[in-house]
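Observations on the three-dimensional arrangement
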Amino acid sequence: MSIQKSNEFFESIYKQSQGDVKQIPWAELKTNSFLEEYLSMHIGEGKAIVIGCGLGEDAFALGEAGFEVTAIDISQTAIAWCQDTYDYTDIDFKVQDIFELPESMLEQYDFIFECRTIQSLPLMYRDKIIRAISSLLKPKGKILAIANGKNEGEKFDGPPWPLARNELRLFENYNCKELEFSIFAEDKGPSKMKFRALYEKE
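This section reports on the structure supplied with the text. Quantities reported herein were computed from a predicted structural model and do not represent experimental measurements.

Rules used in this analysis
Residues numbered from 1 in each chain as written. Predicted model: local features only at pLDDT ≥ 70, side-chain atom pairs only at ≥ 80, totals over all residues. Heavy atoms only, no water. Helix = DSSP H or I, 4+ residues; strand = E, 2+ residues; numbered from the N terminus. Rg over C-alpha atoms; globule rule 2.2 N^0.38 Å. Buried < 20%, exposed > 50% of the residue type's maximum accessible area, 1.4 Å probe, protein only. Lys, Arg positive; Asp, Glu negative; His and termini not counted. Charge placed at Lys NZ, Arg CZ, Asp CG, Glu CD. Pairing = 2+ DSSP bridges. Right-handed = clockwise from strand over helix to strand, strands pointing away. Phe/Tyr/Trp six-rings, centres within 6.5 Å; stacked < 30°, edge-to-face > 60°. Arc of directions from axis to C-beta. Contact = heavy atoms within 4.5 Å.

Our focus in this paragraph is the overall build of the protein chain. When helices and strands are counted, the protein chain shows six helices and eight strands. Here the protein chain has a C-alpha radius of gyration of 16 Å; the compact-globule value for 202 residues is 17 Å, and the two agree. Its C-alpha atoms give the protein chain principal-axis dimensions of roughly 45 × 35 × 35 Å. Counting every position in the protein chain, which comprises 202 residues, the buried fraction comes to 49%. Side chains of the protein chain carry 23 positive and 34 negative charges; the gap between the two charge centres is 5 Å.

The structure is reproduced here in structure tokens:
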């Protein structure tokens, strides 16, 4: 699957839903529990960005925590949905291709939330998207990444394509030091194994 076809796939899901949240398979209509846990223990200050923001719940939570928030998604329909839902906030929802980041966005963010976006792209783009995400972070900024996990050599017919442990650690190739890593189990999604990792830009 090419990047273009992948982008078209996600846009088609949002469009065909015609505003019915139940038709969006990944929509949870609540803050991600691991982001919620992180925000309960850290002060929200500076700039934050959500990668693949979907319907915007996590972006809203970051704004409520005190961050100045940007939220990006490749789907025009998803972003329009967010802008309508959260029109009373200052969150900057925008359509943005992660592989075509403008210079003005690079090294601008103190916190990045990445939840299951890396795995939505074909395997050949894994290093490229991790490099792109890392490029957004300021020195000493942090990335909280959540992903479906898999064992080395395990294969899945995606999308999505769960990550092996070493694939998630590609962040370390881009000056991001791993601060925390945990494995947990969850019955939903393509794999029961889930990863949670926190990185800091050096």
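Here we take up the pairing of strand β2 (residues 68-73). Of all six residues that make up β2, five are buried, and the element is covered over most of its length. Where strand β1 (residues 47-51) meets β2, five bridges bridge the pair, whose relative direction is parallel. When the sheet's bridge partners are listed, V50 is paired in β2 with A71. On the question of chirality, the crossover connecting β1 to the parallel β2 by way of helix α3 (residues 57-65) is right-handed.

Summed over the entire model, instances satisfying the criterion amount to 10 aromatic pairs. Consider the rings of F171 and Y199, whose centres lie 5.1 Å apart with planes at 35 degrees: the pair is tilted. Linking F171 in the loop between α6 (165-168) and β7 (176-185) with Y199 in strand β8 (residues 193-201), this pair joins segments that are 28 residues apart in sequence. Residue classification places Y199 among the buried residues on the basis of a relative accessible area of 0%. Between the aromatic rings of F181 and F195, the centroid separation amounts to 5.3 Å while the plane-to-plane angle is 55 degrees, which identifies the pairing as tilted.

All buried positions along helix α4 (residues 76-85) are accounted for by A78, I79, W81 and C82. Taken around the axis of α4, the buried residues stretch over an arc of 155 degrees, which confines them to a single face. Residues of α4 that are exposed and point over 90 degrees away from its buried face: Q76 and D84.

You can see G66 is positioned in the loop between α3 and β2. The spacing of G66 and G44 is 22 residues in sequence and 4.6 Å in space, taken between C-alpha atoms. If sequence neighbours within four positions are ignored, G66 has contacts with G44 and E45.

Topologically, K5 is positioned in helix α1 (residues 3-17). When the C-alpha atoms of K5 and L121 are compared, they prove to be 10.0 Å apart, with 116 residues separating the residues in sequence.

To continue, consider α3. All of the buried residues in α3 are E57, D58, A59, A61 and L62. Those residues of α3 hidden inside the fold are in contact with α2 (33-41), β1, β2, β3 (92-95) and β4 (109-115). One or two steps after α3, the chain reaches G66, where phi turns positive at roughly 115 degrees.

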